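# Working through the structure, step by step
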Amino acid sequence: MSFVLDPFAVAFVQRALLGGALVAVVCGVVGTWVVLRGMAFLGEAMAHGMLPGVAVATLVGFPPMAGAAVSAAAMSIGVGMLQRRGHLSADTSIGLLFVASLSLGIIVISASRSFATDASAILFGDILAIGAGDLLALGVALAITLVVAALGHRAFVALTVDPRQAQLLGLRPRAAHVVLVGLVTLAVVSAYQAVGSLLVVGMLLGPAVAAGRWTRRIVPTMVLAAAIGIVSVAAGLLLSWHLATAAGATVAFTAICSGAVSTGIHALLGALRRTHAPALPTLPERTA
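Quick look at the structure, then.

### Remarks on the environment of Ser2
For Ser2, the position within the fold is in helix 1 (residues 2–5). A residue is classified by how much of its surface remains accessible, and Ser2, at 47% relative accessible area, is partly exposed. In the structure, Ser2 is positioned 24 residues away from Val26 in sequence and 30 Å away in space, judged by C-alpha atoms.

Set out below in structure tokens:
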């Protein structure tokens, strides 16, 4: 038991666990919609789109989280403008701004001679440095996510199933899509401190994919994804402590592995059920 409990007796690991758990719940709720709507590429672009904002905020002495929020919001607005006015497809618009933001962030970082340590934290996170202020910000982000997800649930479902039917029902699918993109932005910015801009999509996708193997209903999938995410955070911190690896990267890798493990267990149980299922009687036996 000491192998498991000793790391979590340290104060900064406790804060990391609490902060990671808050991130896991946010990503569990939003990641479910990301998987259902096929928005993984947008989430990845948002994560990299934060890089220039964080870099500039760090250089001028502003809170990095504020820079991340501004930069990710600019990314989402830019994608919408390119689609409407540039007559480009969603993936083309995202790809263009994705590369532009990542390049701009690297340019800003490379222009500073004193950015090596901060650049590593930006890219891979520093979950062990989460403080009381970060926990408060994550708590606010979680509250906003839960409220918006609850109020917009019907519109999000209609948007996912049939946007045309959603329009006929007066659910305003375009507005629902904008709100959903806002939730993705909030989740990406919230998870930035824990796992960094390069690994944030792991927290969004891994637990949601893992949960989707066991339930087909949206709300239970969110709850299960959040639980799997919390377990992934705890397991990642534990592995990082004993293996002396980067905490944020280990947490993200554990979250991704949860999807693979869940898929493997689900497939194994399915094979066992088929193996032990009673064989159907042959034709003569059924006739008799």
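### A look at the packing of helix 3 (residues 40–60) against helix 5 (residues 90–111)
Helix 5 packs onto helix 3 with a crossing angle of 25 degrees between their chain directions and a minimal axis gap of 8 Å. Relative to helix 5, helix 3 is oriented roughly parallel. Every pair of crossing elements has a handedness; the one defined by helix 3 and helix 5 is left-handed. Across from Phe41, Leu42, Ala45, His48, Gly49, Leu51, Pro52, Ala55, Val56 and Leu59 in helix 3, the residues of helix 5 making contact are Asp91, Ile94, Gly95, Phe98, Ser101, Leu102, Leu104, Gly105, Ile106, Val108 and Ile109. Looking at side-chain class alone, the contact of helix 3 with helix 5 contains 15 nonpolar, five polar and one charged residues.

### Comments concerning the packing of aromatic side chains
Evaluated as defined, the whole model comprises two aromatic pairs. Both rings, one in Trp33 and one in Phe156, keep their centres 5.5 Å apart while their planes meet at 70 degrees; by these two values the pair is edge-to-face. Of this pair, Trp33 sits in helix 2 (residues 11–37) while Phe156 sits in helix 8 (residues 153–161), and the two are 123 residues apart along the sequence. On the basis of relative accessible area, Trp33 is assigned to the buried category, the value being 1%. Classification of Phe156 by relative accessible area gives buried; the value is 1%. Geometrically, the ring pair formed by Phe41 and Phe98 is edge-to-face, given 6.2 Å between the ring centres and 85 degrees between the ring planes.

### A closer look at the packing of helix 2 against helix 7 (residues 132–151)
With their axes 10 Å apart at the nearest point, helix 2 and helix 7 run at an angle of 20 degrees to one another. Taken together, the axis directions place helix 2 and helix 7 in an arrangement best described as roughly parallel. In the packing of helix 2 onto helix 7, the handedness of the crossing is left-handed. Of the residues in helix 7, those in contact with Arg15, Leu18, Gly19, Leu22, Val23, Val25, Val26, Val29 and Val30 of helix 2 are Leu135, Leu138, Gly139, Ala141, Leu142, Thr145, Leu146 and Ala149. In terms of residue class, the contact of helix 2 with helix 7 is made up of 13 nonpolar, three polar and one charged.

### Things to note about the environment of Val108
On the secondary structure map, Val108 appears in helix 5. When its relative accessible area of 16% is taken as the criterion, Val108 is described as buried. Sequence separation of Val108 and Ala227 is 119 residues, and the distance between their C-alpha atoms is 38 Å. The residues touching Val108, leaving out its near neighbours within four places in the chain, are Ala55, Val56 and Leu59.

Rules of the game
- Residues numbered from 1 in each chain as written.
- Predicted model: local features only at pLDDT ≥ 70, side-chain atom pairs only at ≥ 80, totals over all residues.
- Heavy atoms only, no water.
- Helix = DSSP H or I, 4+ residues; strand = E, 2+ residues; numbered from the N terminus.
- Buried < 20%, exposed > 50% of the residue type's maximum accessible area, 1.4 Å probe, protein only.
- Axes fitted to C-alpha atoms, helices over the stretch in contact; angles between N-to-C directions.
- Parallel < 35°, antiparallel > 145°, perpendicular 65-115°, else oblique.
- Left-handed = near helix turned anticlockwise from the far one by under 90°.
- Contact = heavy atoms within 4.5 Å.
- Nonpolar A, V, L, I, M, F, W, Y, C, P; charged D, E, K, R; others polar.
- Phe/Tyr/Trp six-rings, centres within 6.5 Å; stacked < 30°, edge-to-face > 60°.

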